[in-house]
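Each chain is listed here by its residues.
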Amino acid sequence: MSDVKGETTLPPYYPEFYGFPPFYTRQPNTLSWSSQLSQWRSFILGYCRAHKLWRLNLVDAMDTELFFNKSINRKLPLPTIREVVDDLVKTSNAEWLSSEKSIAYIFWRTPEDFASQIYGWIDSTGQKNTVLTLLELTEGDHSTDQEFYGMDQAMLNKCLNVLVKRGQAQVFSVGDDKGIKVW
Amino acid sequence: MRRRVGLAALDRRVQDSQTWSSHGASLRRTHQSELTTQLSVFQAALSTFSTQYASEIRQNPKFRSEFARMCTVIGVDPLAASSSRQQDKGGNIWAEMLGSSVNDFYFELAVKIVEVCRETRTKNGGLISVNEVQETIIKKDRSTGGGGTGLQLSEDDIIRSVECLKPLGSGFEMMKIGKTMMIRSVPKEFNTDQAKVLEVIQVLGFVTIRLLVDNLGWIAPRAQAVVDDLMAEAFLWVDEQEGETSYWAPCAL
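Thresholds, definitions, all that
Residues numbered from 1 in each chain as written. Chains lettered and ligands numbered in written order. Predicted model: local features only at pLDDT ≥ 70, side-chain atom pairs only at ≥ 80, totals over all residues. Heavy atoms only, no water. UniProt positions renumbered as here; feature names shortened; annotations may be inferred. Phe/Tyr/Trp six-rings, centres within 6.5 Å; stacked < 30°, edge-to-face > 60°. Helix = DSSP H or I, 4+ residues; strand = E, 2+ residues; numbered from the N terminus. Buried < 20%, exposed > 50% of the residue type's maximum accessible area, 1.4 Å probe, protein only. Lys NZ or Arg CZ within 6 Å of the ring centre and 35° of its normal. Pairing = 2+ DSSP bridges. Axes fitted to C-alpha atoms, helices over the stretch in contact; angles between N-to-C directions. Contact = heavy atoms within 4.5 Å.

Under an unreviewed UniProt entry, the name given to chain B is Vacuolar-sorting protein SNF8, and the organism recorded is Dactylellina haptotyla. In its Subunit (unreviewed entry) section, the UniProt entry covering chain B states "Component of the endosomal sorting complex required for transport II (ESCRT-II)."

An unreviewed UniProt entry lists chain A under the name ESCRT-II complex subunit VPS25, with Dactylellina haptotyla as the source organism. UniProt's Sequence similarities (unreviewed entry) comment on chain A is quoted here verbatim: "Belongs to the VPS25 family."

A. The arrangement of the packing of aromatic side chains in detail. Residues and elements named next belong to chain A. Counted under the stated rule, the structure contains 24 aromatic pairs over all chains. When the centroid spacing of 5.7 Å and the interplanar angle of 35 degrees are considered together, the rings of Trp 40 and Phe 67 count as tilted. Taken together, the residues span a long stretch of sequence, with Trp 40 in helix α1 (residues 30-51) and Phe 67 in the loop between α2 (58-61) and β2 (68-69) at a distance of 27 residues. Aromatic pair Trp 108 and Phe 114: ring centres 5.3 Å apart, planes at 75 degrees, arrangement edge-to-face. Of the two residues examined, Trp 108 and Phe 114, each falls in the buried class. Of note, Arg 26 hangs over the ring of Trp 33, and the distance from its end group to the ring centre comes to 4.0 Å. When the ring centre of Phe 68 is taken as origin, the NZ or CZ atom of Lys 75, which lies over that ring, is 4.8 Å away.

B. Region of interest: the sheet that holds strand β4 (residues 94-96) of chain A. All names here are of chain A. Here we have 3 strands laid out as an open sheet, ordered β1-β5-β4, and antiparallel in their pairing. Among the strands making up the open sheet, the edge pair consists of β1 (55-57) and β4. For this sheet, the mean angle separating the axes of adjacent strands, direction not counted, is 25 degrees. Bridge count for β4 against strand β5 (residues 103-106) is 3 bridges, and the pairing is antiparallel. Each bridged residue has a counterpart across the sheet, and for Glu 95 the counterpart in β5 is Tyr 105. Contacts between helix α3 (residues 78-90) and the sheet are confined to β4 and β5, with β4 contributing the most and set at about 115 degrees to the helix.

Pasting the structure below:
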């Protein structure tokens, strides 16, 4: 039942099992693990989305409410967190910054989805065929209500590459910054 | 009087029995026609009742369960009614009388129950409390907009619906663990030890091996074997972060 989340109502992206102690121990049973994994996956994505987190430092995140439920004193162990993020990588929902697997970009929408969103926004605001700097996209005054607002630049590059590959955009240098033109 | 002993007495006896049998026949006829009238009156009443209160039956769980109980008392099974839809009229007479609203309600509900059981099987191994099914279905109904007024469901409705799945041989069974009614959607019979462990979890929320040893007087290997078996079937989840390893059941949340 959903009430295990505790007395105080938690945001809807909190998993059903947030208050269930075994949720923080990797389940040996494959069936149980598949359920556990999928709940953790959507929790990480939902959490990052709600907090506008673009990258996750696993060691730091370990002590946040994402992986540490103080009320029942349970913490998801680092190897298990890594396993979940590894699974997110498989579906393009995450990407390791380095092979040490300590920091990961979290794509709570896949790069393809973000690319389409960016394209849609540029189109609907009549900015096609004009050059926009990457900062205008993610920090500009007009895109504050967009999901990609504030996006990590490295992630943005990845998303824009999708548009370039689709033949919908071109990326080039504008002084120190990069610019993009969409058509 | 003595004349009766004569041959004519034979005739008389035949006559007598004829009279009796014709009288009997006429009695039977009146009786039958009375019954037929009664039955048709009853049918009409029941039918009117169920059409008149169709929406009430669908919306008010208390009313619905009372109606279902009344049907059981007078020997009408509102569910058997339409499950035996045969060519001859005898099979679905009740369905005709009750209208389709009652049994359709239970069948639609049964489909929803099967869905919930399937969807939650990875997390609970196929054992779920009636209560959770009830809440999930109501929540789903609300999120899809439902029937406007919102679906009202009682535990009794769920149990009745699960019962109507029986003829399908689908392996959906009601079972009682402790005080909780559960639906088991996988073909697995619990032995007494396993049932006992699940019952303890219902009460305490979890078990440990020591707890089982201390309270049930089992030896540790027995307790471990039971727990391991339930773990293997995904009915239990393990927690290793506080002292002794503990085992929890998602269905007892």
